[in-house]
Amino acid sequence: MNQATQRRADRREFVARLLAGVPDALVVTGLGSASYDVFAAGDRDHNYYLWGAMGGATPVGLGLALAQPDRPVLVITGDGEQLMGVGSLATIGAKQPKNLTVVVLDNGHFGETGMQRSHSSLGTDLVAVAKGFGIADAFATDSLAGCDDVIRRIQARTGPAFVQVFIEADEPPRALPPRDGPFIKNRFRAALGLQPF
């Protein structure tokens, strides 16, 4: 899909619909706007918000998917954050966790550092990159109808999926999740039935 002529989905609507459709998913967010969007859709003990870990959302999601193979794991991140951790897609391609879905909210900009254009608006095709790393179920969408396709893939758990969601380059009001790292970690562990440490 050509970024210049692309329609755009409303990010908050897309995320809210996605999370409503997979209430049992373990969710890992990229820093910044992805965390705000997930928190705005409703805070849950199964949400793991990352702060100050640019490029870390997909590797954390991969580790979680491998450690919790009976649970669907959903990474929701932005294009800039995913570009920073692009190498993690190669490990997903090699490991093929059936319960992992990576959703990249792509506004074509580095939203947290001043809205500079990101590589995804300068010619990088993230779907082609994901496929090149061995994630066969990689596609792009720009609509809420595409959200339903993502929900079906998460529920089916037939292999890793990568979804590039073209969104508006706007900034909805910030909805800030907890910033206390130990609290987020221990709450998440408790939701999985694990002891805090």
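Above this note sits the structure.
Read on for an overview of the structure. All figures in this text were calculated on a predicted structure; none of them were measured in a lab. (Residues numbered from 1 in each chain as written. Predicted model: local features only at pLDDT ≥ 70, side-chain atom pairs only at ≥ 80, totals over all residues. Heavy atoms only, no water.)

1. A short note on the nonpolar core
Within the largest apolar cluster, 24 residues are counted, with the highest numbers of intra-cluster contacts made by Phe14, Leu18, Leu74, Ile76, Val103, Val150 and Val165. Broken down by secondary-structure element, the contributors of at least two residues to this core are helix 1 (11-21), helix 2 (33-40), strand 3 (73-78), strand 4 (100-106), helix 7 (144-156) and strand 8 (161-166). Not counting chain neighbours up to four residues away, the residues in contact with Val165 comprise Ala9, Phe14, Val103, Val104, Leu105, Asp106 and Thr141. Listed in part, the 23 residues of the second largest apolar core include Ala57, Leu64, Val75 and Leu192. (Core = buried A, V, L, I, M, F, W, Y, C linked by side-chain atoms within 4.5 Å. Buried < 20%, exposed > 50% of the residue type's maximum accessible area, 1.4 Å probe, protein only. Helix = DSSP H or I, 4+ residues; strand = E, 2+ residues; numbered from the N terminus. Contact = heavy atoms within 4.5 Å.)

2. Observations regarding the pairing of strand 7 (residues 137-141)
The two faces of the sheet receive side chains in turn, since in a regular strand these alternate between them. Across 5 bridges, strand 7 lies against strand 8 in parallel orientation. Opposite Ala140, over in strand 8, you have Gln164 as the bridge partner. Taken together, strand 7, helix 7 and strand 8 constitute a β-α-β crossover, and its handedness is right-handed. (Pairing = 2+ DSSP bridges. Right-handed = clockwise from strand over helix to strand, strands pointing away.)

3. A short note on helix 7
Owing to its 3.6 residues per turn, the α-helix brings residues three or four apart onto one side. Over its 13 residues, helix 7 extends 19 Å from the first C-alpha to the last, a length consistent with the 18 Å expected when each residue adds 1.5 Å. Along helix 7, the residues that are buried comprise Gly146, Cys147, Val150, Ile151 and Ile154. For helix 7, the angular spread of the buried residues around the axis is 150°, confining them to a single face. Opposite its buried face, helix 7 presents the exposed residues Ala145 and Gln155, each directed more than 90 degrees away. (Expected span 1.5 Å × (residues − 1). Arc of directions from axis to C-beta.)

4. Re the pattern of salt bridges
Inspection of the entire model under this criterion finds 7 salt bridges. The shortest N-O distance in the salt bridge between Arg12 and Asp37 comes to 2.6 Å. With Arg12 in helix 1 and Asp37 in helix 2, this pair connects stretches of sequence that are 25 residues apart. No difference in accessibility class separates Arg12 from Asp37, as the two residues are buried. For Asp43, the salt bridge is made with Arg187, and the minimal N-O distance between the two is 2.8 Å. Here Asp43 is found in the loop between helix 2 and strand 2 (47-49), whereas its partner Arg187 is found in helix 8 (residues 181-191), with 144 residues between them in sequence. Residue Asp43 is classed as partly exposed on the basis of its relative accessible area of 36%. (Salt bridge = Lys/Arg side-chain N within 4 Å of Asp/Glu carboxyl O.)

So far we have only geometry, and geometry alone does not tell us how the molecule works.
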